[in-house]
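The lines below spell out each chain.
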Amino acid sequence: MKNFILLLALANVVSSGLFSQDLKKATIKIKSPVALAYSPNNKYLALANSSELQLLNAGSDTRAANIAGSKGVNKITFSIDNMTMAAACEDGTIKIWSVPDGKLLSTLSGHTAQVIDLRFSNNDQSLVSISDDKSVIIWEVPTAKLTFNEKDHTKSIRGLDV
């Protein structure tokens with residue numbers, strides 16, 4: 001396995017309202033990474049390739065948890081409270097894990113093609129996802145239930161911002 005050195009710039013808002021940059025160096029032992037995300041508190045770094053997802057302690061490069069059942073991850077996002085992490089998967093599912101223990105909390109099924117992007121919203125009570133199936137779905141996170149599904153788009157949606 002190759003060592004990848006990633007220089008990651010983290011933008012932090014300072015009290016004056018100006019932006020400053022904090023550079024973090026991480027030595028990651030994962031082959032061909034395709035998705036990565038820092039937790040909002042910059043304590044954890046999630047990194048995925050086509051066959052695995054690793055949750056690392058940011059800054060020390062040590063593994064915080066082994067994440068099971070995480071093949072084909074396209075995108076990773078953390079909840080604002082840093083307690084959960086969600087992954088958009090190629091098989092059309094979304095997986096949600098607790099942080100930092102990596103326990104699988106739920107698998108959301110509703111898309112019929114790979115999930116492209118996802119974001120927590122509504123104080124982490126909702127999760128919005130988009131897929132190659134041309135749909136936008138809103139999920140209720142605590143109950144893992146689909147609450148809204150819009151499939152009337154004529155083309156695939158390629159980006160999401162909540």
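Residues numbered from 1 in each chain as written. Predicted model: local features only at pLDDT ≥ 70, side-chain atom pairs only at ≥ 80, totals over all residues. Heavy atoms only, no water.

**Q** Sorry, what's going on with the side chain of D117 here?
**A** Position of D117 among the secondary structure elements: in strand β11 (residues 115–121). At a separation of 2.7 Å, a polar atom in the side chain of D117 contacts the side chain of R119. With sequence-adjacent residues up to four places away left out, D117 is seen in contact with K75, A88, V128, S129, I130, G159 and L160. (Helix = DSSP H or I, 4+ residues; strand = E, 2+ residues; numbered from the N terminus. Polar contact = N/O pair within 3.5 Å; in protein donor to acceptor, adjacent residues only side chain to side chain. Contact = heavy atoms within 4.5 Å.)

**Q** Honestly, the pattern of salt bridges in this entry has me stumped. Any pointers?
**A** Oppositely charged side chains may form a pair once their charged atoms are brought near each other. In total, this model carries 2 salt bridges according to the counting rule given. Note that K75 is salt-bridged to D117, the shortest N-O span being 3.9 Å. Here the residue K75 occupies a position in strand β7 (residues 73–78), and D117 occupies one in strand β11, the gap between them amounting to 42 residues. Accessibility expressed as a relative area gives 27% for K75, which makes it partly exposed. What makes D117 buried here is its relative accessible area of 7%. Here the salt bridges share partners, and the residues they tie into one network are K75, D117 and R119. (Salt bridge = Lys/Arg side-chain N within 4 Å of Asp/Glu carboxyl O. Buried < 20%, exposed > 50% of the residue type's maximum accessible area, 1.4 Å probe, protein only.)

**Q** It is not clear to me how the confidence of the model for the protein chain should be interpreted in this structure. Could you clarify?
**A** With 82% of its residues at a pLDDT of at least 70, the protein chain reaches an overall mean of 82. Ignoring residues within four places in sequence, the model shows residues 1–23, a span with pLDDT below 50, making 52 contacts including any to other chains. (pLDDT = per-residue confidence, 0-100.)

**Q** I would appreciate a short explanation of the pairing of β11 in the present structure.
**A** As a general feature of sheets, a regular strand has side chains that alternate between the two faces. Summarising burial for β11: 6 of the 7 residues are buried, a large majority. Two elements, β11 and strand β12 (residues 126–131), share 6 bridges in a ladder whose sense is antiparallel. From the neighbouring strand, S121 faces β12, where its bridge partner is S126. Joining the antiparallel neighbours β11 and β12 is a turn of 4 residues, in which N122 adopts a positive phi near 55°. (Pairing = 2+ DSSP bridges.)

**Q** Got a minute to help me understand the sheet that holds strand β4 (residues 44–48) in this structure?
**A** To summarise the sheet geometry, strands pair through backbone hydrogen bonds and adopt either a parallel or an antiparallel arrangement. Read from one edge to the other, the open sheet built from 4 strands follows the order β3-β4-β5-β6, with strand pairing classed as antiparallel. Strand pairing shows two members of the sheet lacking a second neighbour, β3 (35–38) and β6 (62–67), which therefore form its edges. Pairwise comparison of adjacent strand axes, ignoring direction, gives a mean angle of 20° for this sheet. In the sheet, β3 pairs with β4 via 4 bridges, with the strands oriented antiparallel. (Axes fitted to C-alpha atoms, helices over the stretch in contact; angles between N-to-C directions.)

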